[in-house]
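Per-entry structural report
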Amino acid sequence: KAGVTQTPRYLIKTRGQQVTLSCSPISGHRSVSWYQQTPGQGLQFLFEYFSETQRNKGNFPGRFSGRQFSNSRSEMNVSTLELGDSALYLCASSLAGVKGQETQYFGPGTRLLVL
Amino acid sequence: DQQVKQNSPSLSVQEGRISILNCDYTNSMFDYFLWYKKYPAEGPTFLISISSIKDKNEDGRFTVFLNKSAKHLSLHIVPSQPGDSAVYFCAASEFNDMRFGAGTRLTVKP
C-alpha cells in the first residue's frame, strides 16, 4: 500500500508570493491533517479535512487555507508569504480522523523556504 | 497555546542504557497519548500509544507511562540502540484534535 505523498518536496518562494502544497493520503483514508514544523515549536496543527469538509482548525491566520477533493487528496495554500512561514509542512492521513484511537500516517513533508 | 510540552530539547545516552523522554500536558480532556519518532528528511512515524484509562503500555523495548494526576507521561527505551537516535514527539489527542510537543532529540552513542 502506497504511503502518504507530498509534493513538492522543496520550495523556495519570496515574501508576498503565494504557495500551494499537495498531499495524497493513503488509499481509503478520508481524514487529512496538516501541520507546520519549525525548530523549537514542534508540530503545530493547521487544519483537518474529512470528506471534503474542514472539521478542525488550529490557531493560524487566514492566510493559511486548505481544501480536500472527493478523492481525499488535499491541498493547502498560503497567501502573502512571510519570512516566518519558512517551515516543514507535514500532512498526515488516517481512516476516520479519530486521533489517538487510530494511527496517523505522515508524509515526508514539503520544506518551504521564504526569502 | 502549548498544551503539550517537552521541556528537554535534547538527550544523550550510551548504547545499552535506558533512555527516558518526558512530556507534560495541560488539557485534562485528552484521552489518548502517543509518541512519534522522526528521522531527518522523513515524516514522523507512530511508535507507541496509551489510553487515558491505563497507566502503562509496553511494546518490546518501548514502554510509555502515564501519570494522569500529574498530567505527565514518559517514554522509556531499554536498551537504547544507536538506531534509536531521532527526534521524538509526544502527542495528546481528544477525538479529532491532536497536539504535539516540540520534540526531544535523542542521541544514542555507541
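Details of the structure are given in the entry above.
Note that the structure is a prediction, hence the values are computed from the model and not measured.

The next subject is the sheet that holds strand β8 (residues 74-78) of chain A. Residue and element names in this part refer to chain A. Here four strands make up an open sheet; going across it, the order is β1-β3-β8-β7 and the pairing antiparallel. Whereas interior strands pair on both sides, the edge strands pair on one side only; in this sheet they are β1 (5-7) and β7 (64-68). Averaged over all pairs of adjacent strands, the angle between strand axes in this sheet comes to 20 degrees, irrespective of strand direction. Sheet analysis places β1 next to strand β3 (residues 19-24), joined by three bridges and oriented antiparallel. Following the sheet pairing, Gln6 is matched in β3 by Cys23.

Let us now look at the state of the cysteines. All names here are of chain A. Counted according to the given criterion, the structure contains two disulfides over all chains. Cys23 shares a disulfide with Cys91; S-S distance 1.8 Å. Between Cys23 and Cys91, the S-S torsion sits near 60 degrees, and that sign places the bridge as right-handed. Of this pair, Cys23 sits in strand β3 while Cys91 sits in strand β9 (residues 87-94), and the two are 68 residues apart along the sequence.

Contact with chain B, which involves 20 residues of that partner, is made by 25 residues of chain A. When chain B packs against chain A, the two sides together hide about 1,800 Å² of surface, and 54% of this comes from carbon and sulfur. When the buried surface of chain B facing chain A is broken down by residue, Phe95, Asn96 and Phe100 of chain B rank first, second and third, together holding 29% of it. Joining chain B to chain A, the criterion identifies zero salt bridges. Along the contact surface separating chain B from chain A lie one residue pair in polar contact (both at pLDDT 80 or more). Secondary structure elements with two or more residues in the side of chain B that touches chain A: β4 (32-38), β9 (86-94) and β10 (97-100) of chain B. At four residues, the largest contribution of residues to the side of chain B that touches chain A is made by β4 of chain B.

What follows is about the nonpolar core. In terms of nonpolar packing, the biggest core is built from 23 residues, with Phe33, Trp35, Leu73, Leu75 and Tyr88 of chain B touching the most fellow members. Elements supplying a minimum of two residues to this core: β3 (19-25), β4, β5 (45-51), β7 (62-67), β8 (72-77), β9 and β11 (104-109) of chain B. Residue contributions to this core peak at four residues, all from β9 of chain B. With residues up to four places along the chain from it excluded, the contact list for Leu75 of chain B reads Ser19, Ile20, Leu21, Trp35, Leu47, Ile48, Phe62, Thr63 and Tyr88 of chain B. Formed by 21 residues, the second largest nonpolar core is a distinct cluster that contains Val19, Ile26, Met76 and Cys91 of chain A.

It is worth spelling out the sheet that holds strand β1 (residues 4-5) of chain B at this point. All names here are of chain B. The five strands are arranged β1-β3-β8-β7-β6 in an open sheet whose pairing can be described as antiparallel. Here the strands that pair on one side only, and so sit at the sheet edges, are β1 and β6 (56-59). In this sheet, β8 lies alongside β7 in antiparallel orientation, the contact comprising six bridges. Bridged to Phe65 within β8 is Ser74.

On the surface, a nonpolar cluster with roughly 300 Å² of combined accessible area is contributed by Ile12, Leu113 and Leu115 of chain A. As for its placement among the helices and strands, Leu113 of chain A is situated in strand β11 (residues 110-114).

Let's shift gears to the packing of aromatic side chains. Scanning the model with the defined rule gives 12 aromatic pairs over all chains in all. Ring centres 5.6 Å apart and planes at 45 degrees place the aromatic pair Tyr35 of chain A and Phe106 of chain A in the tilted group. Separated by 71 residues along the polypeptide, Tyr35 of chain A in strand β4 (residues 31-38) and Phe106 of chain A in strand β10 (residues 105-106) bring together distant segments of the chain. For the pair shown, Tyr35 of chain A and Phe106 of chain A are each scored as buried. Pairing Phe106 of chain A with Phe100 of chain B gives two aromatic rings, centres 6.0 Å apart and planes at 80 degrees, and the pair type is edge-to-face. Here Phe106 of chain A is found in strand β10, whereas its partner Phe100 of chain B is found in strand β10 on a different chain. For Phe100 of chain B, a relative accessible area of 4% puts it in the buried group. By the ring-pair criterion, three or more aromatic residues cluster together here, those being Tyr35, Phe45 and Phe106 of chain A together with Tyr36, Phe46 and Phe100 of chain B.

Before going further, it helps to spend a moment on the pattern of salt bridges. Following the criterion strictly, the structure yields nine salt bridges over all chains and no others. In this structure, Glu82 of chain A and Arg63 of chain A form a salt bridge, with 3.6 Å as the shortest nitrogen-oxygen distance. You can see Glu82 of chain A sitting in the loop between β8 and β9 and its partner Arg63 of chain A sitting in the loop between β6 (53-57) and β7, a full 19 residues away along the chain. According to the relative accessible area criterion, Glu82 of chain A is partly exposed, its value standing at 42%. For Arg63 of chain A, a relative accessible area of 16% corresponds to the buried category. We note a salt bridge from Arg99 of chain B to Asp97 of chain B, for which the minimum N-O separation is 3.0 Å. Since its relative accessible area comes to 13%, Asp97 of chain B is described here as buried. One salt-bridge network, in which partners are shared between bridges, spans Arg63, Glu82 and Asp85 of chain A.

Procedures and definitions
- Residues numbered from 1 in each chain as written.
- Chains lettered and ligands numbered in written order.
- Predicted model: local features only at pLDDT ≥ 70, side-chain atom pairs only at ≥ 80, totals over all residues.
- Heavy atoms only, no water.
- Pairing = 2+ DSSP bridges.
- Helix = DSSP H or I, 4+ residues; strand = E, 2+ residues; numbered from the N terminus.
- Axes fitted to C-alpha atoms, helices over the stretch in contact; angles between N-to-C directions.
- Disulfide = S-S within 2.5 Å.
- Contact = heavy atoms within 4.5 Å.
- Buried area = accessible area lost by both parts, 1.4 Å probe.
- Salt bridge = Lys/Arg side-chain N within 4 Å of Asp/Glu carboxyl O.
- Polar contact = N/O pair within 3.5 Å; in protein donor to acceptor, adjacent residues only side chain to side chain.
- Core = buried A, V, L, I, M, F, W, Y, C linked by side-chain atoms within 4.5 Å.
- Buried < 20%, exposed > 50% of the residue type's maximum accessible area, 1.4 Å probe, protein only.
- Patch = residues over 30% accessible without salt bridge, like charges linked within 9 Å, V, L, I, M, F, W, Y side chains within 5 Å.
- Areas by Shrake-Rupley, 256 points an atom, 1.4 Å probe, with all protein chains shown as cover.
- Phe/Tyr/Trp six-rings, centres within 6.5 Å; stacked < 30°, edge-to-face > 60°.

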